Amino acid sequence: MTDYVLAPSPTPIVPVEGEAAAFPVRRILCVGRNYAAHRREMGGDDRDPPFFFAKPADAVAPPGAVVPYPPRTANLHHEIELVVALKFGGHDVSVDTALSLVYGYAVGVDLTRRDLQNAAKDKGQPWDASKGFDHSAPISAIRPWTGEAPQGRISLSVNGEVRQDAAVADMIWNVAEIISEASKLWTLAPGDLIFTGTPEGVGPVEVGDLVTGEVEGVGQLQFTVTA
Ligand code: MN
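Note that the coordinates shown come from a computational prediction; the quantities given were computed from them, not determined experimentally.

How each quantity is defined
- Residues numbered from 1 in each chain as written.
- Predicted model: local features only at pLDDT ≥ 70, side-chain atom pairs only at ≥ 80, totals over all residues.
- Heavy atoms only, no water.
- Donors = N, O, S within 2.8 Å, 3.2 Å for Na, K, Ca; no water.
- Helix = DSSP H or I, 4+ residues; strand = E, 2+ residues; numbered from the N terminus.
- Buried < 20%, exposed > 50% of the residue type's maximum accessible area, 1.4 Å probe, protein only.
- Polar contact = N/O pair within 3.5 Å; in protein donor to acceptor, adjacent residues only side chain to side chain.
- Contact = heavy atoms within 4.5 Å.
- Salt bridge = Lys/Arg side-chain N within 4 Å of Asp/Glu carboxyl O.

Q: Hey, could you run me through the coordination of the manganese ion in this one?
A: Tetrahedral metal sites with four donors have an ideal angle of 109.5 degrees; octahedral sites with six donors have ideal angles of 90 or 180 degrees. Looking at the manganese ion, one finds its protein donor set to be Glu79 (OE), Glu81 (OE) and Asp110 (OD), positioned 2.0 to 2.2 Å from the metal centre. In the primary structure, the donors to the manganese ion are separated according to the pattern E-x1-E-x28-D. A residue pair is termed long-range when its members are at least 10 positions apart, and glutamate 81 in strand β8 (residues 80–86) and aspartate 110 in the loop between β9 (102–109) and β10 (112–113) qualify at 29 residues. Neither glutamate 81 nor aspartate 110 differs from the other in exposure class; each is buried.

Here it is as structure tokens:
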């Protein structure tokens, strides 16, 4: 048994539907520009493939956690996303076997300090401050799932007004391809979460806004942005 000079940080967790036990988060990978219409609204080139970035594991904000408006931004954006939760890992995973790594799916929001992200893009700087800040990954409970990945409606409303409304089937890389691509860059492991990208309609949220998100068949997520 290892002795530590400090108390180790607790493992971030996400609840699991129908289970008393929680899902331990190892790390969070995210896919950028995985829906064509969103890639266009971000000014992207239609020929550019999706890509990855990351958030720290402790960015998760599970149901009931606070989601405070973060500092150093005046343009906090919502991005509704299907989240894949892995029960097995691997590297160089084939597309054909990739779905066998999946524990389940959740509904997530990739909160983004868009003003900082735009400034980073202009300067060729990294996205950590715009994407990987505290509480930047609100997430629903995970629904255990086997077989074909979700394909249905993915939507987000702010104060009851629909802002994003698309279909998971519209993703450029599907779930199996995402897992396979990620495994070429990192050795995946149990506990990894992958945010799979957002469809078009991203926009700002303010303090006091009620954000609701849903992925058909997977679940719903709800949080209020606090001061
Ligand atoms: Mn995103």
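There is more to say after this.
Q: Any chance you could explain the side chain of lysine 131 here in plain terms?
A: Along the chain, lysine 131 falls in helix α3 (residues 128–131). The buried category is assigned to lysine 131, whose relative accessible area is 2%. Here glutamate 79 takes part through its side chain, which lies 3.2 Å from a polar atom of the side chain of lysine 131. Contacts of lysine 131, omitting those with residues within four sequence positions, involve Phe53, Lys55, Glu79, Asp110, Leu111, Thr112, Arg114, Gln117 and Ser136.

Q: Looking at this structure, how should I read the pattern of salt bridges?
A: Opposite charge on two side chains permits them to pair, given that their charged atoms come into close proximity. Scanning the model with the defined rule gives 11 salt bridges in all. Among the ionic pairs, arginine 47 bridges to aspartate 45, the shortest N-O distance being 2.7 Å. The partly exposed category is assigned to aspartate 45, whose relative accessible area is 30%. The closest approach of N and O atoms between aspartate 165 and arginine 153, which form a salt bridge, is 2.8 Å. Taken together, the residues aspartate 165 in strand β14 (residues 161–167) and arginine 153 in strand β13 (residues 153–158) connect sequence positions 12 residues apart. The class of aspartate 165 is partly exposed, set by a relative accessible area of 43%. For arginine 153, a relative accessible area of 41% puts it in the partly exposed group. Each of Lys55, Glu79, Asp110, Arg114 and Lys131 takes part in a single network of salt bridges with overlapping partners.

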